[in-house]
Amino acid sequence: MQTHLKPIQKTCYTTFRGIPHLGARLPSRRQETWVPVLISSQEKTTIQGDHADSTGSSLGKIALSNSLFLSSHISRFQNCLSTTISKFIDHQPPLHPSVDPCQVFTGNFAPVDELEPTNCTVVEGELPGCLNGVYIRNGSNPQHMPNGPLHFFEGDGMLHSLKLSGGQATHCSRYVKTYKYMLEKEAGFPIFPNILSGFYSLPDVLANVKVAGRVLCGQINLMRGFGLANTSLAFFSNKLLALCESDLPYVIGMTQEGDIETLGRWDFDRKLFASMTAHPKVDKDTKEAFAFHCNPTCFPYVTYFYFNEDGVKQREVPLLSINQPTPIHDFAITKRFAIFPETQLVVEPTNVMLGRGMPVVFEQKKVPRIGILPRYAESDSNTRWFPVPGFNAMHVTNAWENGDDEVVLVAPNVLSIANVFHKIEKVHFSLEKLTINTRTGKVSRKVLSKRSLELGSMNPYYIGKKNRYAYLGIAEKVPKMSGLAKIDLEKECEVSRRLYGPGCFGGEPLFVPRNANAVKSDEDEDDGFVVSYVHDENSGQSNFTVMDAKSPNLDTVAKVKLPRRVPYGFHSLFVSQDSLSNNW
């Protein structure tokens, strides 16, 4: 008997979309129920010293009185604003299908509830004995459905894990307990505006103004974060991190029973609006991690930094040569360089202020370019930019150096990038290999496959070094993948592929080395497995599929039946049991 998935029902509030009804109250800031911030004891002492209680002094009493006076006036303003917005409710324009929650979050894109650790059944083959650890995938799973716009990229982060040990599997799904999630969970309705989804009418704009009022009243503390932690995962400095580029990382713990815990927000900066890319790069040889953060509202728009092998963040390097707000999502490293692909997407803050839709827009006249700066740069002075017309890379597969003068970059090129947010099903991804001569400035390009390929992985021990094989999803409607392809980067062609079958779709294919601790030689680069959650839309069943990465047809090694469906999501990670044991 077939199981048909029903569209998720949208919650309708009694006033206007995206904002709680009149009279709705947020939890008091005095109720310390939010996720903790991870800081050192030395930092705690400094913070306590800087914010010592002075309300007993006359100055403190005056400050408190002024604060209450300001809060009272802001509350009155909020009530007037709510009345004003309500007058426009009957004139709401229809939402675009790409940001209409009723159309976006349907079928296997629909959110699910949390699931405690549940034992699973291996229904085909056997789980390899060397796969001891946790496979974990991040994704968008809204806790509450707003009446206003909500793009698939802006749902709350939910982690779907599968603990593998001794041929057995335990599945678990948990929200990342971000500050946003905890605030909205206690309130019972959406609070934070969905900035990327955009504002499409005057009520949307005024609703954002109301949220700003809550910040001024002290009901929302932006120092505790405002992101989703819904994009990817990373493991470095002995920390498992859930990431989203609009916020700092959240540290995740895994129990021996296979449960997922949010331990806190890694506040290594203690700055307002601090954030970090969802795609840091970890050098397995040096144990260093490299990252950056984007600031779409003010200059400098991109800042580069790295962590040493002890996990200590080093000095920031503002990329002053990026003179336009641009949303850089991913980057690459080599042994000597850091590489930034700049696309034709730009940020237009006026779109948000005037209710003209998304803040990220396509600029046709802009020429994409590749920026290369020294890996341990102390300033932006030695950054060089190479124009590459028509090359728009959202994700990077890998990069390496070819001698002293050449840098090789492999990445999916987003053709017709203007459609990437509103018509993703019409976007073709062309996997390309770029060779940049840093001495002559010449850039040569090679298309590696005619298929639409995205969301790929490779052997993590080759990050920043020349590698031969990459595994990418065959894009149906990203992140919904109909199969995967194995690409030989040396021969510059596809060498094998695997389709999941009619009505079956997976996500990002993740390569997991057979030996989790080392690679014996280059001949062993593809000695391992490719894993993914695969969903059958005909039966409604989701499975965890393990494939042989070396086999000509990417043969199935094992298939695990999951206790319920796993929605389509974003990026994944495998962490070995040895690495996780330090967190237990």
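Parameters and conventions
- Residues numbered from 1 in each chain as written.
- Predicted model: local features only at pLDDT ≥ 70, side-chain atom pairs only at ≥ 80, totals over all residues.
- Heavy atoms only, no water.
- Helix = DSSP H or I, 4+ residues; strand = E, 2+ residues; numbered from the N terminus.
- Expected span 1.5 Å × (residues − 1).
- Buried < 20%, exposed > 50% of the residue type's maximum accessible area, 1.4 Å probe, protein only.
- Phe/Tyr/Trp six-rings, centres within 6.5 Å; stacked < 30°, edge-to-face > 60°.
- Lys NZ or Arg CZ within 6 Å of the ring centre and 35° of its normal.
- Core = buried A, V, L, I, M, F, W, Y, C linked by side-chain atoms within 4.5 Å.
- Salt bridge = Lys/Arg side-chain N within 4 Å of Asp/Glu carboxyl O.
- Pairing = 2+ DSSP bridges.
- pLDDT = per-residue confidence, 0-100.
- Contact = heavy atoms within 4.5 Å.

Draft legend 1. Highlighting helix α5 (residues 202–217). Here α5 contains 16 residues, and its C-alpha end-to-end distance of 23 Å stays within 8% of the 22 Å for a straight helix at 1.5 Å per residue. Every buried residue of α5 is accounted for by P203, D204, V205, L206, A207, K210, V211, G213, R214 and C217. Taken from the residues just after α5, G218 is the one with a positive phi, measuring 90°.

Draft legend 2. How the structure looks around the packing of aromatic side chains. Evaluated as defined, the whole model comprises 27 aromatic pairs. Geometrically, the ring pair formed by W266 and F268 is edge-to-face, given 5.3 Å between the ring centres and 80° between the ring planes. One exposure class covers both W266 and F268, and it is buried. On the basis of an interplanar angle of 75° and a centroid distance of 5.8 Å, the ring pair of F305 and F307 is categorised as edge-to-face. Each member of the pair F305 and F307 is classed as buried. Cluster of aromatic residues (ring-pair linked, three or more members): F105, F109, F152, F153, F421, Y568 and F570. One cation-aromatic arrangement involves K465 over Y462; the distance from NZ or CZ to the ring centre is 5.7 Å.

Draft legend 3. Representation of the nonpolar core within the structure. Judged by nonpolar contacts, the single largest core of 25 residues is most densely connected at I136 and I220. Mapped onto this core, the elements with two or more residues apiece are β4 (133–140), α4 (179–187), β8 (239–243), β9 (250–254) and β33 (572–576). Membership of the second largest hydrophobic core comes to 19 residues, among which are Y135, L164, L510 and F574.

Draft legend 4. Spotlight on the pattern of salt bridges. As enumerated under the stated definition, the model contains 27 salt bridges in all. Salt-bridge contacts for D285 lead to K335; the nearest nitrogen and oxygen are separated by 3.2 Å. Taken together, the positions of D285 in the loop between β11 (281–282) and β12 (289–294) and K335 in the loop between β15 (332–333) and β16 (337–342) put the pair 50 residues apart, joining distant regions of the chain. Using a relative accessible area of 48% as the deciding quantity, one classes D285 as partly exposed. Owing to a relative accessible area of 34%, K335 belongs among the partly exposed residues under this scheme. Across the pair R468 and D488 runs a salt bridge whose closest N-O atoms are separated by 2.9 Å. Of the two residues, R468 is situated in the loop between β24 (443–457) and β25 (469–477) and D488 in strand β26 (residues 480–488); the sequence distance between them amounts to 20 residues. Via salt bridges that share partners, D283, D285, E288, K335, R375 and K465 belong to a single interconnected network.

Draft legend 5. Broad picture of the sheet that holds strand β20 (residues 384–387). What the four strands build is an open sheet, ordered β15-β16-β19-β20; its pairing is antiparallel. Each edge of the open sheet is held by one strand with a lone partner, namely β15 and β20. Pairing analysis gives two bridges linking β15 to β16, with the strands arranged antiparallel. Looking at β16, one finds that A332 is bridged to I339.

Draft legend 6. Expanded view of the confidence of the model for the chain. Counting all residues, the mean pLDDT for the chain is 84, and 82% of those residues have values of 70 or more. Of the regions scoring below 50 in pLDDT, residues 1–25 engages in 64 contacts with residues more than four places distant in sequence or in other chains.

Draft legend 7. Up close: the sheet that holds β11. Here four strands make up an open sheet; going across it, the order is β11-β12-β13-β14 and the pairing antiparallel. Of all the strands in the sheet, just β11 and β14 (317–318) have a single pairing partner and so form its edges. Summarising the sheet, β12 and strand β13 (residues 302–307) pair through six bridges and their orientation is antiparallel. Note that in β13 the partner of A291 across the bridge is F305.

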